[in-house]
Amino acid sequence: MPTFFNYPFHSDGFIPHGHCYLWQTGLVWLHIISDATIALAYYSIPFLLIYFISKRKDVPFNGVFVLFGAFIIVCGTGHLMEIWTLWHPDYWIAGALKALTAIISIYTAFALFYLMPQALTLPSPAQLEVINRALSIEIVERKRIEKELRLAEEIAQNSSQAKSEFLANMSHELRTPLNGILGFTQILQRTESLSEKGRKGVSIIYQCGSHLLTLINDILDLSKIEARKLELHPVDFYLPAFIDSVTEICRIRAEQKVIAFHVQLDPDLPTGIHADEKRLRQVLINLLGNAIKFTLQGSVTFKVQVIGQESNANGQTSYQIRFEVIDTGTGIIPEEAEKIFQPFEQVGNQKRQSEGTGLGLAISQKIVLLMGGEIQVQSTLCKGSTFWFEAKLPESKDWAKISRVVEQGTIIGYQGQRRTILIADDRWENRAVIVNLLEPVGFTVVEASQGQEGWEQALAHKPDLIITDLVMPILDGFELINRLRQSEQFQEVAIIASSASVFAADQHKSIDVGADAFLPKPVEAETLLEMVRQFLHLEWIFDGKVDAIKKNQAEGLDQSNEMISPANEVLQELLELAQDGDIQKLLELAQQLSASDERLSIFAEQLVQLASNFQLKRLETFIQQYIN
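Values in this document were obtained by computation on a predicted structure and should not be read as measured data.

With that settled, consider the overall build of the chain. A count of helical and extended segments in the chain gives 21 helices and 14 strands. Looking at the chain as a whole, 39% of its 628 residues qualify as buried. Of the contacts made within the chain by residues no fewer than 6 positions apart, 72% connect residues no fewer than 24 positions apart. Of the accessible surface of the chain, which amounts to about 36400 Å², a share of 57% is contributed by carbon and sulfur atoms.

When the pLDDT values of the chain are averaged, the result is 77; 78% of them are 70 or greater. A low-confidence stretch, residues 545–561 stays under pLDDT 50, and its non-local contacts, those more than four residues away or across chains, total 11 contacts.

In this section: a negative patch on the surface. On the surface, Glu-573, Glu-576, Asp-580, Asp-582 and Glu-588 cluster together to form a negatively charged patch. Counting residues per element, the negative patch draws most heavily on helix H18 (residues 568–580), at 3 residues. One can find Asp-580 in helix H18. Its relative accessible area of 62% is what places Asp-580 among the exposed residues.

What follows is about the pattern of salt bridges. Summed over the entire model, instances satisfying the criterion amount to 11 salt bridges. Taking the shortest distance from any N to any O, the salt bridge between Glu-324 and Arg-322 comes out at 3.5 Å. Exposure class is identical for Glu-324 and Arg-322. Each is buried. Arg-533 serves as the salt-bridge partner of Glu-530, at 2.6 Å between the closest nitrogen and oxygen. Placement of the pair is Glu-530 and Arg-533 together in helix H16 (residues 525–536), with a separation of 3 residues, close to one helical turn. Glu-530 gets classed as partly exposed once you look at its relative accessible area, which sits at 32%.

Even without being a glycine, Cys-382 presents a positive backbone phi close to 70°. Relative to the helices and strands, Cys-382 resides in the loop between strand E6 (376–380) and strand E7 (384–394). Positive phi, close to 55°, is recorded for His-537, a residue that is not glycine. Turning to its location among the elements, His-537 is positioned in the loop between H16 and strand E14 (540–542). Judged by its relative accessible area of 71%, His-537 falls in the exposed class.

Tallying each qualifying case throughout the model produces 8 aromatic pairs. Ring geometry for Tyr-414 against Phe-443: centres 4.5 Å apart, planes inclined by 25°, an arrangement best described as stacked. Of this pair, Tyr-414 sits in strand E8 (residues 411–414) while Phe-443 is found in the loop between helix H12 (428–438) and strand E10 (444–448), placing the two residues 29 residues apart along the sequence. Note on Phe-443: relative accessible area 1%, which makes it buried. Look at Trp-455 and Phe-490: their rings are 6.0 Å apart centre to centre, the planes differ by 65°, and that puts the pair in the edge-to-face class. Residue Trp-455 is located in helix H13 (residues 451–461), and its partner Phe-490 is located in the loop between helix H14 (477–486) and strand E12 (494–499); the two are separated by 35 residues in the primary sequence. Across this residue pair, the class does not change: Trp-455 and Phe-490 are buried. Ring pairs connect the aromatic residues Tyr-414, Phe-443 and Trp-540, which therefore count as one cluster. It is Arg-483 that lies over the ring of Trp-455; its NZ or CZ is 5.5 Å from the centre. The lysine or arginine in question, Lys-509, covers the ring of Phe-478, its NZ or CZ lying 4.5 Å from the ring centre.

As a further point, take empty space enclosed by the protein. Going through the model one piece at a time under the given rule, you end up with 1 cavity of 30 Å³ or more. As a volume, the largest cavity reaches approximately 40 Å³. Taken together, Asn-179, Ile-423, Asp-425, Asn-430, Ile-434, Ile-467, Asp-469, Ser-498, Lys-521 and Val-523 form the lining of the largest cavity. Every element with two or more residues in the lining of the largest cavity is listed here: H12 and strand E11 (465–469).

What follows concerns the sheet that holds E12. Spatially, 5 strands are ordered E10-E9-E11-E12-E13 in an open sheet, and the strand pairing comes out parallel. The open sheet terminates on both sides in strands that have one partner only, identified here as E10 and strand E13 (517–520). Ignoring strand direction, the axes of neighbouring strands in this sheet form an average angle of 20°. Two elements, E12 and E13, share 4 bridges in a ladder whose sense is parallel. For Ser-498, the partnering residue across the bridge sits in E13 and is Leu-519. Against the sheet, H16 makes contact with strand E9 (420–424), E11, E12 and E13, and its axis sits at roughly 165° relative to E13, the strand it touches most.

Calculation criteria
Residues numbered from 1 in each chain as written. Predicted model: local features only at pLDDT ≥ 70, side-chain atom pairs only at ≥ 80, totals over all residues. Heavy atoms only, no water. Helix = DSSP H or I, 4+ residues; strand = E, 2+ residues; numbered from the N terminus. Buried < 20%, exposed > 50% of the residue type's maximum accessible area, 1.4 Å probe, protein only. Contact = heavy atoms within 4.5 Å. Areas by Shrake-Rupley, 256 points an atom, 1.4 Å probe, with all protein chains shown as cover. pLDDT = per-residue confidence, 0-100. Patch = residues over 30% accessible without salt bridge, like charges linked within 9 Å, V, L, I, M, F, W, Y side chains within 5 Å. Salt bridge = Lys/Arg side-chain N within 4 Å of Asp/Glu carboxyl O. Lys, Arg positive; Asp, Glu negative; His and termini not counted. Charge placed at Lys NZ, Arg CZ, Asp CG, Glu CD. Phe/Tyr/Trp six-rings, centres within 6.5 Å; stacked < 30°, edge-to-face > 60°. Lys NZ or Arg CZ within 6 Å of the ring centre and 35° of its normal. 1 Å grid on protein atoms, 1.4 Å probe; cavity = no way out; pocket = protein on both sides within 12 Å on 5 of 7 lines; lining within 4 Å. Points joined across faces, edges and corners; volume = space filled by probe spheres on them. Pairing = 2+ DSSP bridges. Axes fitted to C-alpha atoms, helices over the stretch in contact; angles between N-to-C directions.

This is the structure we're talking about:
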């Protein structure tokens, strides 16, 4: 065995490979140069393969490339051995090198055998060309679709913007005449001595105008919801006063329909909360209003209860409050209950459907969803319905306590020197509303029909307060406010921007350019007078009289005496008048009954209340129950 291992290093028994032609110098150099060139070429290939593998590590054939590189190296080394054996007969080393080459070759062949199916799946140049062509077509198609989508999105945005602008402009145009209607009805109610019939007529005009304004606001709210622009603006407010204001509005409606209205409040309710007072009131009045509208007899119950509370790390307590409205009304079938929260969907009696737009519940649901809750309903046909939702509302301990407003009478003036107010508006009816509200109280009101005239009147009269519209010819309200604020003599003068615009941007812009407050149109007399009082630091003078009719109505509502009805002949006549819709004659007959017998006054008042509110079906039921 040792002798075998000594053979590669003891080749004395062999002659050199080139012994037979070493004397031919050209032949020797031919072999040397050829083998050396082949070896150099072989050695360059593995270096290129190593470079390729290092750059393309994602290629799945890297193992074969390594084997092929090893095969090439041993092949190159074999050619160098050929040069060596020209002078040195180390044939055992040369043979071992060839054996190694054979082994690596066989291993590489087996690796290629297993790799071949995978390699065959690679696409051919022609296939790659087809694939590239298909990809190019797909890329072009995708770019076309993306372009169409961008165009469609742009068209949709333009359409949405056009719709919003249309609704805003229509709202502005509708609110302008409403400003005159509602403004002058308030003026008539405050300043004129009207008969009972005239006062009721003015009240009906005001109620109808307010209802129309509510419908306009509902449509605008729906537009904001669709554009995802409806936002909550939470404030701190006094919860007991808030609930009182909501329930009093709905209690009057319930009394008009002669149905019971119950309020059940949890004693653990927080005193102050942080929420969007306006939107929460909108939801509750909608739910309570629907319950009263669809309840012919029985009752409506409003429950507010705390179902949970938690405190955060800062010690602030949040209450989980459940608002629930229960009625004994017409009820809803399950199929209709699924769609009542959709816009413009109305269920129930066709006559009652005409009393609204079908937007109230859709808007209310969106508002409650923003609050983190959801309005739910449980209803039984002909037995009644229950609507409820829950909201997590943080407690507010820093709320400003709102004192209850008592009936002090009509404002007839104010203490101190006479004040001058400038009103700039291009619509005479808008100016007339404010003039007729402020002049009787003792203000000197200066009018301007556009912004430039407003600037000139301000220079001439030095007003204590300026009220300006925003949309005016020649010089609009924004430019007028800006000019006033740039002038030293008007920098301290209070400016109120007033507009029928529903764009929040217009309201914010008016404040940004220098206005102290924004007064929406139609103008509410109480809001206007309160702003004037605050900015001019006034103390009102009241006449000290309480409206006699309001007092009589309040006393009438508190009557608990037993109601006495007239004879059956009179009841039959009243029923026929109600069925014929002859409200005027029915009211005259009711007044005759009240005048003829004081004991019939309560019955007559009930007739007048139902007839004045055109509750004809309820009026028929009311009369028939005494006939029967």
